[in-house]
Amino acid sequence: MTRLALIGVFVALAACGADGPPMTPNTNLGLSLGTGGLSTSASVGASNGMFSVGLGL
């Protein structure tokens, strides 16, 4: 069963970007100072021009 799962992972990774442009990673870090004090922000994601996914922290 683990061999089958491992093969599935390799097939999925090999198919990434096969029919379009590859996903490019992007990051954003922020630091702001206001009346409420100092605040930070961060986000990570990936996009290929038409489709993007991300996570804001």
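The structure this text deals with has already been given above.
Computed from a predicted model, the values in this text were never measured in an experiment.

Whenever I open this one, the overall build of the chain confuses me. Can you help?
Across its full length, the chain carries 1 helix and 3 strands. Put simply, the chain runs from its N terminus to its C terminus through helices and strands in the order α-β-β-β. Across the chain, every contact between residues at least 6 apart in sequence was considered, and the portion connecting residues at least 24 apart equals 15%. For the chain, the exposed surface amounts to about 5000 Å²; the carbon and sulfur share of it is 68%.

Honestly, the pairing of strand S3 (residues 52-56) in this entry has me stumped. Any pointers?
Two faces, one strand: in a regular strand the side chains alternate between the faces of the sheet. By the criterion of burial, S3 is predominantly exposed, with just 0 of the 5 residues buried. Pairing analysis gives 5 bridges linking strand S2 (residues 37-47) to S3, with the strands arranged antiparallel. Paired with Ser43 across the bridge in S3 is Gly56. The antiparallel pairing of S2 with S3 creates a hairpin that spans 4 residues between the two strands, and Gly49 there sits at a positive phi of about 100 degrees.

Sorry if this is basic, but what is going on with the sheet that holds strand S1 (residues 24-34) here?
The pairing of strands in a sheet happens through backbone hydrogen bonds and is either parallel or antiparallel. A sheet is described by the order of its strands in space; here 3 strands give the open sequence S1-S2-S3, paired in antiparallel fashion. Pairing within the sheet leaves two strands with one partner each, and these edge strands are S1 and S3. The average undirected angle you get between the axes of adjacent strands in this sheet is 20 degrees.

I keep staring at the pairing of S2 and nothing clicks. Help me out?
Here 11 bridges tie S1 to S2, and the two strands are oriented antiparallel to one another. Within S2, the residue paired with Thr27 across the bridge is Val44. Between S1 and S2, which pair antiparallel and follow one another directly, the connecting turn spans 2 residues.

What should I look at first to understand the environment of Val53 in this one?
With respect to the helices and strands, Val53 occurs in strand S3. Each C-alpha atom, one on Val53 and one on Met23, is 9.6 Å from the other, the two residues being 30 residues apart in sequence. Apart from the residues lying within four places of it in its own chain, the contact partners of Val53 are Met23, Val44, Gly45 and Ala46.

Parameters and conventions
- Residues numbered from 1 in each chain as written.
- Predicted model: local features only at pLDDT ≥ 70, side-chain atom pairs only at ≥ 80, totals over all residues.
- Heavy atoms only, no water.
- Helix = DSSP H or I, 4+ residues; strand = E, 2+ residues; numbered from the N terminus.
- Contact = heavy atoms within 4.5 Å.
- Areas by Shrake-Rupley, 256 points an atom, 1.4 Å probe, with all protein chains shown as cover.
- Buried < 20%, exposed > 50% of the residue type's maximum accessible area, 1.4 Å probe, protein only.
- Pairing = 2+ DSSP bridges.
- Axes fitted to C-alpha atoms, helices over the stretch in contact; angles between N-to-C directions.

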